[in-house]
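What follows is each chain in one-letter form.
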Amino acid sequence: MSSQPSDRPIAVSLQAVSKLFGVVKALDNISLDIYDGEFFSMLGPSGSGKTTSLRLVAGFEQASSGRVLLYDKDVTGVPPFDRDVNTVFQDYALFPHMTIEQNVGYGLMIRKLPKPEITRRVGEMLEMVRLPGYQKRKPSQLSGGQRQRIALARALINHPRVLLLDEPLGALDLKLRQQMQIELKAIQREVGITFIFVTHDQEEALTMSDRMAVFSHGKIEQVGTPTEIYERPRTAFVAGFVGTTNILSGHVAERITESAAAFSIRPEKIRLVSPDAPNESKTTRVGGTIRDVIYLGMTTRYLIEIDGGGDLQVIAQNTETDSTAAQATRGQRVDAAWPTSAMRLLDVDNRESGA
Amino acid sequence: MAAEQARSLPAPRPSLLRKISAWFYRHPNLSLMALLGVPMLWMVVVYLGSLSALLIQSFFRLDEFSGRVIREFGLRTYEQLFTAAHIDIMLRTTLMALAVTFTCALIAFPLAYYMARYASFRMKTILYLLVLLPLWSSYLVRVYTWKIILSQEGIISWFFDTFRIRFILDGILSIPGIGGTSLSFSFIGMFLVFVYIWLPYMIIPINAALERVPKSLIEASSDLGGRPGYTFRRVILPLAFPGVVAGSIFTFSLTLGDYIIPQVMGNSSPFIGITVFTYQGTAGNIPLAAAFTVVPVVIMVVYLLIARRLGAFDAL
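Since we're looking at a predicted model, the values are computed, not measured.

## With respect to the interface of chain B and chain A
Residue-level contacts link 19 residues of chain B with 24 residues of chain A. Of the roughly 1,800 Å² buried between chain B and chain A, counting both surfaces, carbon and sulfur atoms make up 61%. Three residues, Glu219, Asp223 and Leu224 of chain B, lead the burial of chain B against chain A; their summed loss comes to 37% of the area buried on that side. The tally of links from chain B across to chain A stands at one salt bridge. With its nearest N and O atoms 2.5 Å apart, the salt bridge here joins arginine 55 of chain A to glutamate 219 of chain B. The tally of links between chain B and chain A comes to eight residue pairs in polar contact (both at pLDDT 80 or more). Mapped onto the side of chain B that touches chain A, the elements with two or more residues apiece are α11 (215–223) and α12 (228–257) of chain B. Ranked by the residues each element gives to the side of chain B that touches chain A, the list is headed by α11 of chain B, at eight residues. Here the residues of the side of chain B that touches chain A are counted per class, giving eight nonpolar, six polar and five charged.

Encoded structure:
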């Protein structure tokens, strides 16, 4: 389904959009198409412009220049209350003086649906977010995870064409967050609405998205499927921000690849082999010394000092090794070997020239 | 190395203060008493004490021949209280308090909203200063200043004369009941001064309530399709209502009890404050003065009960 998104209509289109807050450029001439029915993530560190982009789609901010299109309709000057999108807020923004029923039914009340109809739909919606019977409670009586579901129900009940989610899982603890990730994904499949999901958590973006955009300093670094972003990062920023990686450049890179161009190699792609093990084909190999060993339970992280300068991080599954055995390798000489195909040449200057 | 340094750090020297602090640490109830002792003493003795003295006085009565207070419990004083003339005073004062409160809320809300939602930090500081600045000068000075401003020879009169629109002012002043010979001798003038004097007490609590309404709630309402008017009625006003009520308690009760503005401004029709002042002073009728003081207290209790019915304290 997500393999050929371009067959589908474009749900949201940002066209050469810039946003200035005073002298600060929050968004710098970005263009982006999001397709109908996609689960699309906007990933980036704080201040990278991801939330500003979302707020432009919602209508809470107005673009300084450029256009915002919603299903081919220019909505650049349309206020939020006239846009067919709904938002799940980071702080949930439930109305504290209203019951859960009034909160969830708020949009329907504005659309002047008859009372019994509102009651019925609110009931169905609470069923869907697995909080049936919570109608008469107040938001203050709910836990963080429950409030999050109510915020979702309140937005989805209006059948928006696009649902915007602004770091909705940020305030939840790890277990609950992972559970909600699965639930959100299931709900999105069920309702088939376009989801635009803002997060700073790269793992969350990788797990949930059909496609994602990586933001940095008000620009988009790369757009692609999670696999594309992770396996074929185009810039040093993407390689570094999404997952952990080794970025080698200059004379260190030159000694390995005979070219000074920067490349990235993921720590889990690297194997540690004995220096006297025979060479394998299509494998790049470099000698070094194990400087540090960090036992992480499922995996062990090794820090290798490459002969002649430079460091490499290596992550190995603890299939047979235990903590003691791993620690004992400290100071040993090893060769780090990886499939040559796993190396990614990076376009370091990409960001400055505007991708 | 670092561990050795940590070990060689000297222990804090024992002192009497340390011992006292440790003793309080072991007796948490006593530290609570130390905290609340003085304020409780003040509240109970000075505040509640004077209030109950007042209440007791109101059940005594004045011997009309000797002019002495007879210290016997009875309702004779309250019989005197509910005469037609006195009820007139109560109604006039309550109406004035209501009008002042309503107008203050109407003026204060937009300003408080601007301060909470739009003003920059700098602008907010300036506005706070402007709101509070009048409170630094004497109340009496400000009231008399207004008397001059509103008088026959004052700047407002001058303004209407200069622009040859005197007829507007005359028209306003000829409204029966609230008009008069000049603004400073009319209920309109008194009303204006009341609004001016108590306005800060309305702005500050409304602003405090609005500051506590997160921006995201307003965005959420808009996001769900609520136009600004709808959002105001369904989200902003209900959440700011406790602030409006808090402010109105100030403006309402302060107007009910004030005895200077009704004396300086207006046509010397009696208000509750003036009446109490007269009865306890020149007339020497302390019991009736006390009974009259109970009136605003009762009105305030009724007012608070109505406010509670309207849900003013639900969000607290």
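## Topic: the layout of surface pockets
Residue and element names in this part refer to chain B. As a volume, the largest pocket reaches approximately 510 Å³. Around the largest pocket sit 25 residues that line it, and Tyr113, Tyr118, Ile218, Glu219 and Ser222 are the ones nearest its centre. By residue class, the composition of the lining of the largest pocket is 13 nonpolar, six polar and six charged.

## A short note on the packing of aromatic side chains
All told, the structure shown has 23 aromatic pairs over all chains when counted by the stated rule. Aromatic pair tryptophan 198 of chain B and tyrosine 201 of chain B: ring centres 5.9 Å apart, planes at 65 degrees, arrangement edge-to-face. On the criterion of helical spacing, the pair formed by tryptophan 198 of chain B and tyrosine 201 of chain B is a turn pair, its members being three residues apart in helix α10 (residues 187–211). Taking the relative accessible area as the measure of exposure, tyrosine 201 of chain B reaches 30% and is therefore partly exposed. By way of ring pairs, the aromatic residues Phe59, Phe60, Phe73 and Tyr78 of chain B are connected into one cluster. Against the face of tyrosine 134 of chain A rests arginine 137 of chain A, its NZ or CZ located 4.3 Å from the ring centre. Note that lysine 147 of chain B overlies the ring of phenylalanine 185 of chain B, its terminal NZ or CZ placed 4.5 Å from the centroid.

## Observations regarding the packing of helix α8 (residues 155–162) of chain B against helix α9 (residues 166–173) of chain B
All names here are of chain B. Between α8 and α9, the least distance of the axes is 7 Å, while the angle of their chain directions is 130 degrees. As the angle between them shows, α8 and α9 are arranged oblique. For the pair α8 and α9, contact is made by Ser157, Phe160 and Asp161 and by Arg166, Ile168 and Leu169, respectively. The class makeup of the residues in the contact of α8 with α9 is three nonpolar, one polar and two charged.

## Structural notes on the confidence of the model for chain A
Put simply, chain A has an average pLDDT of 89, and 96% of its residues get 70 or more. Residue range residues 350–355 of chain A is modelled with pLDDT below 50. Its contacts to residues more than four positions away, or to other chains, number 13 contacts.

## What to know about the pairing of strand β2 (residues 24–35) of chain A
Residues and elements named next belong to chain A. Of the pairings in the sheet, the one linking strand β1 (residues 10–21) to β2 comprises eight bridges and is antiparallel in character. Following the sheet pairing, valine 12 is matched in β2 by isoleucine 34. Count of turn residues in the β1/β2 antiparallel hairpin: two residues, of which glycine 22 carries a positive phi of about 65 degrees.

## Description of the environment of asparagine 246 of chain A
Residue and element names in this part refer to chain A. Topologically, asparagine 246 is positioned in strand β11 (residues 246–248). In this structure asparagine 246 comes out as buried when scored by relative accessible area, which is 6%. Along the primary structure asparagine 246 and valine 85 are separated by 161 residues, whereas in three dimensions their C-alpha atoms are 40 Å apart. The residues touching asparagine 246, leaving out its near neighbours within four places in the chain, are Phe263, Ser264, Ile265, Arg266, Pro267, Ile270, Asp311, Leu312 and Gln313.

## Concerning the side chain of asparagine 285 of chain B
Residue and element names in this part refer to chain B. If you trace the backbone, asparagine 285 turns up in the loop between α14 (272–280) and α15 (286–309). A polar atom in the side chain of asparagine 285 sits 3.2 Å from the backbone nitrogen of leucine 288. Not counting residues up to four positions away in its chain, the partners in contact with asparagine 285 are Leu62, Gln80, Tyr279 and Gln280.

Parameters at a glance
- Residues numbered from 1 in each chain as written.
- Chains lettered and ligands numbered in written order.
- Predicted model: local features only at pLDDT ≥ 70, side-chain atom pairs only at ≥ 80, totals over all residues.
- Heavy atoms only, no water.
- Contact = heavy atoms within 4.5 Å.
- Buried area = accessible area lost by both parts, 1.4 Å probe.
- Salt bridge = Lys/Arg side-chain N within 4 Å of Asp/Glu carboxyl O.
- Polar contact = N/O pair within 3.5 Å; in protein donor to acceptor, adjacent residues only side chain to side chain.
- Helix = DSSP H or I, 4+ residues; strand = E, 2+ residues; numbered from the N terminus.
- Nonpolar A, V, L, I, M, F, W, Y, C, P; charged D, E, K, R; others polar.
- 1 Å grid on protein atoms, 1.4 Å probe; cavity = no way out; pocket = protein on both sides within 12 Å on 5 of 7 lines; lining within 4 Å.
- Points joined across faces, edges and corners; volume = space filled by probe spheres on them.
- Phe/Tyr/Trp six-rings, centres within 6.5 Å; stacked < 30°, edge-to-face > 60°.
- Buried < 20%, exposed > 50% of the residue type's maximum accessible area, 1.4 Å probe, protein only.
- Lys NZ or Arg CZ within 6 Å of the ring centre and 35° of its normal.
- Axes fitted to C-alpha atoms, helices over the stretch in contact; angles between N-to-C directions.
- Parallel < 35°, antiparallel > 145°, perpendicular 65-115°, else oblique.
- pLDDT = per-residue confidence, 0-100.
- Pairing = 2+ DSSP bridges.

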